[in-house]
Structure formats: C-alpha cells, structure tokens
Amino acid sequence: MVRMSSEANMDHETSQPGNGHDPLLVVEDLKTHFPIRRGFFQRVVGHVKAVDGVSFSIDPGRTLGLVGESGCGKTTVGRSLLKLIPATGGRVLYKGESVFDQPPQEMRRLRRQMQIIFQDPAGSLNPRMRVGRIVGEPLEVHGMASGDELQERVEHLLERCGLWKQAADRYPHEFSGGQRQRIGIARALALEPKLIVCDEPTSALDVSIQSQILNLLDDLQEEFNLSYLFISHDMAVIHHVCDRIAVMFNGKIVEEGDRDQIINDPQHEYTRALLSAVPDVDPRRVKNRIKYEGMRM
C-alpha cells in the first residue's frame, strides 16, 4: 500500500490498489483558501489555506478515514468535494466525471449519488418540518416519488435506520440525539447514493449511542455497497470503521495507508501523537503522550 509524507502528497498516484475496480472518487491536489479582509474597504490582505493540495481516492464499497485535530481542514475537504464550499483549485472526479466542471443541471444529477451526513444532527434538521417531509424532500425535489409511493419509501427508510414509521409525523425536537442522527442517515440514503461523506457523525453522541450508529453505517455499507469518506478526530473510531486512513495536519495529508499499517506502524510524528492521545481502557496503564509542535493538546 502507498505510504506518503506531506512532501510527496501532490505527486502520489491517486489510484490506489484495492479490489480491482476503478476508484469511485478521485481527489487531485484539492485546494480551498479563504480570503482575509481588513480595513474599511475590506481589502484582501491574505488567505487562510484551509485545504492546501490534498489528494486521495476511494474505491467502490470502501471507507477512507480522514483524521486530524479540529481545524486541520478535514471538514472543508468533505464539503469542497461536494461543491458545498467553492474550491480554489484541484480536481474531483466521480466515476471519471469532473465534479467542478459540471453545469448546474448535471451537478443536480451527480448530487443524487453523493450525499453527506452532518456532525450535528439537531442543527442539520429543519425544526419546522416533520420528519416525513425531511426524509422525503430529496425524493420530491428529484422527482423520484410522490403520493403514496413517497410515504411508503419514507417509512421504509425510517424503519431501515432503526426508527418506526410513525416517526414520520413527528418533529425533530421530539427525538434524542441518536434518533435525530438516524433521521439524517435516512435522508442521506433517500436518493440511493453510492458515496456518502460522513462528517464526524458520532462526535456529538453519547459513547453507547456511537457504537449503534457506527454499526448501522457498517450494515448499510454492506447492504447497499456504499463508499464512505469518514471524517473524524477520533483514532479509535477511525480504526473501527475504515479500510484506509489519511492523516491530515494544517491543510495537508501527512500520511496515508492501510488501516493496520497506520495504526501499528505510523511513520509520521503527528500520526504517532494522535495515536498516543487515544484513551486506554486500563486506567492503571500510563501512556506516554507525544506532543507534536503546532498540535493543539
């Protein structure tokens, strides 16, 4: 498997050896910079390089974990490749099609196949809409179902994600955090996508609920042959759900490789620092935490 440093990030081959298929998603030299404005006229005096030359690929039915501390740019990567945030440069190829070059009508078609699960289940659901409308709205917008068929598909999605069909008549505030995240997952599944960006989908949940959501995502991946870009700051979660891991620091990928290689034989000092911060299940064992220069500890 390919292992790389930050210096090699821009030159590495984005097609990784995997299951013999062409990659579903290829990201090449992705850059997303935000302008810094100052003064009365709000002139641009510089840029924040949130994402600065990121490259990776995801095979069909596989999961790439993008891990790093808060503020490293991993969420910006996920939103940029879906065009939720305008990218400054680079290319994103979905099944060989350039995402950034698509006109609005073609991008609408691609959005059916690329969805996102947000970090905050409460903030991502419209509090004034009933759950049935939230889950069914993508189907209506894309003209995939209406009337009784729409209701049946919404109820099936809710039940498949661990809720009950009567939940369609209730509002988001009537559910717990874990249940709201299940609603978000059902909405992401509605259009039968092949790629889902999971933006820290368990970080706002209790530990006991996290495992249930992770198991649900694993079951759905196997059932629908989904590919995930799984974004997280938690190395333990990444180890549990991902096939490959990309470690991100200051807008760049500093190390990428097979899951077990990264966990058992990390090459970059920042990766070792992240692994040293994972809590140990044995409270009597003293861990030697590694402090990496520039890392928020």
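Residues numbered from 1 in each chain as written. Predicted model: local features only at pLDDT ≥ 70, side-chain atom pairs only at ≥ 80, totals over all residues. Heavy atoms only, no water.

As for the packing of aromatic side chains
Step number 1: This structure, assessed with the given rule, holds three aromatic pairs.
Step number 2: A ring pair is formed by Phe 40 and Phe 41, whose centres lie 5.2 Å apart and whose planes are at 90°; its orientation type is edge-to-face. Of the two residues examined, Phe 40 and Phe 41, each falls in the exposed class.
Step number 3: Here the aromatic rings of Trp 164 and Phe 175 are separated by 5.9 Å at their centres, their planes lie at 40°, and the arrangement is tilted. Of the two residues, Trp 164 is situated in the loop between helix H4 (147–160) and helix H5 (177–189) and Phe 175 in the loop between H4 and H5; the sequence distance between them amounts to eleven residues.
Step number 4: For Phe 175, a relative accessible area of 4% corresponds to the buried category.
Step number 5: Directly above the ring of Phe 175 sits Arg 170, whose terminal nitrogen or CZ lies 4.9 Å from the centroid. (Phe/Tyr/Trp six-rings, centres within 6.5 Å; stacked < 30°, edge-to-face > 60°. Buried < 20%, exposed > 50% of the residue type's maximum accessible area, 1.4 Å probe, protein only. Helix = DSSP H or I, 4+ residues; strand = E, 2+ residues; numbered from the N terminus. Lys NZ or Arg CZ within 6 Å of the ring centre and 35° of its normal.)

Concerning empty space enclosed by the protein
Step number 1: Enumeration according to the criterion identifies one cavity of 30 Å³ or more in this entry.
Step number 2: Here the largest cavity defines a volume of roughly 60 Å³.
Step number 3: Every residue lining the largest cavity is listed: Thr 63, Leu 214, Leu 217, Asp 218, Gln 221, Tyr 228, Phe 230 and Val 241.
Step number 4: Where the lining of the largest cavity is concerned, the elements lending two or more residues are helix H6 (207–224) and strand S8 (227–232).
Step number 5: At four residues, H6 tops the list of elements feeding residues into the lining of the largest cavity. (1 Å grid on protein atoms, 1.4 Å probe; cavity = no way out; pocket = protein on both sides within 12 Å on 5 of 7 lines; lining within 4 Å. Points joined across faces, edges and corners; volume = space filled by probe spheres on them.)

Observations regarding the layout of surface pockets
Step number 1: Roughly 350 Å³ of volume is contained in the largest pocket.
Step number 2: Lining the largest pocket are 14 residues, and of these Met 114, Gln 115, Ile 116, Pro 138 and Leu 191 lie nearest its centre.
Step number 3: Contributions of two or more residues to the lining of the largest pocket are made by strand S6 (114–117), helix H3 (131–141) and H5.
Step number 4: A breakdown of the residues in the lining of the largest pocket according to their chemical character gives nine nonpolar, three polar and two charged. (Nonpolar A, V, L, I, M, F, W, Y, C, P; charged D, E, K, R; others polar.)

Brief notes about the packing of H3 against H5
Step number 1: Two elements in contact, H3 and H5, have axes separated by 7 Å at closest approach and are oriented at 25°. The orientation of H3 relative to H5 falls into the category roughly parallel. Judged by the sense of rotation from one axis to the other, the crossing of H3 with H5 is right-handed. Within the contact between the two elements, H3 uses Val 131, Ile 134, Val 135 and Pro 138 and H5 uses Ile 183, Ala 186 and Arg 187.
Step number 2: For the contact of H3 with H5, the class distribution of residues is six nonpolar, no polar and one charged. (Axes fitted to C-alpha atoms, helices over the stretch in contact; angles between N-to-C directions. Parallel < 35°, antiparallel > 145°, perpendicular 65-115°, else oblique. Left-handed = near helix turned anticlockwise from the far one by under 90°. Contact = heavy atoms within 4.5 Å.)

Some thoughts on the sheet that holds strand S2 (residues 43–58)
Within a beta sheet, neighbouring strands are joined by backbone hydrogen bonds and run either parallel or antiparallel to one another.
Step number 1: Strands sit in the order S2-S1-S4-S5 across an open sheet of four strands; the sheet is antiparallel. Strands at the two margins of the open sheet, each flanked by one partner only, are S2 and strand S5 (97–98).
Step number 2: Where strand S1 (residues 25–38) lies against S2, twelve bridges are found, and the strand directions are antiparallel. Note that in S2 the partner of Val 27 across the bridge is Phe 56.
Step number 3: Each of S1, S2 and strand S4 (89–94) is contacted by helix H1 (residues 74–81), which is oriented at about 110° to S1, the strand it contacts most. (Pairing = 2+ DSSP bridges.)

Looking at the environment of Gln 151
Step number 1: Looking at the secondary structure, you find Gln 151 in helix H4.
Step number 2: For Gln 151, a relative accessible area of 47% corresponds to the partly exposed category.
Step number 3: Along the backbone, Gln 151 and Arg 133 are 18 residues apart, and their C-alpha atoms lie at a distance of 9.3 Å.

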